[in-house]
Amino acid sequence: MSKRTYKNRAMQVQYDACMSAAESKGSELFNADGTPRLHGGTHRCYFWLGAGVYPKHPMPPKQTLGWACYQAGRDYARREKKS
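The present account deals with the structure reproduced in this document. Please read all numbers here as calculations on a predicted model, not as lab measurements.

Once that is clear, we can look at the pattern of salt bridges. Summed over all chains, the structure comprises 4 salt bridges. With its nearest N and O atoms 3.0 Å apart, the salt bridge here joins Glu23 to Arg79. Placement of the pair is Glu23 in the loop between α1 (9-22) and α2 (42-50) and Arg79 in helix α3 (residues 65-82), with a sequence separation of 56 residues. In this structure, Glu80 and Arg79 form a salt bridge, with 3.8 Å as the shortest nitrogen-oxygen distance.

Right under this line is the structure:
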């Protein structure tokens with residue numbers, strides 16, 4: 001499932017969780033109407049920042065769980081653009 005692999009297990013688990021949540025419009029990453037849910041959790045902000053949907057948030061520090069969310073968002077956006 002993972003496009004990226006991390007040596008840090010916690011970062012890998014976070015990345016995989018974000019990519020898994022992105023598969024379902026009923027997940028915590030989306031509002032009930034299917035639009036991106038931008039508020040209420042830093043991981044969501046970083047995911048949508050990576051996807052290019054949430055431009056007004058500072059970049060996450062590298063080698064943190066937020067960075068894994070950001071990278072998952074980037075990969076999600078690339079995948080959606082291809083399809």
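As a further point, take the packing of aromatic side chains. A ring pair, where both rings are aromatic, is described by two values, the distance of the centres and the angle of the planes. The final tally for this structure, using the stated rule, is 6 aromatic pairs. Judged by centre distance (5.5 Å) and plane angle (45°), the rings of Phe47 and Tyr76 are tilted. Linking Phe47 in helix α2 with Tyr76 in helix α3, this pair joins segments that are 29 residues apart in sequence. Overall, Phe47 belongs to the buried group, its relative accessible area being 0%. An aromatic cluster is present here, built from Phe30, Phe47, Trp48 and Tyr76 joined pairwise through their rings.

Analysis parameters
Residues numbered from 1 in each chain as written. Predicted model: local features only at pLDDT ≥ 70, side-chain atom pairs only at ≥ 80, totals over all residues. Heavy atoms only, no water. Salt bridge = Lys/Arg side-chain N within 4 Å of Asp/Glu carboxyl O. Helix = DSSP H or I, 4+ residues; strand = E, 2+ residues; numbered from the N terminus. Phe/Tyr/Trp six-rings, centres within 6.5 Å; stacked < 30°, edge-to-face > 60°. Buried < 20%, exposed > 50% of the residue type's maximum accessible area, 1.4 Å probe, protein only.

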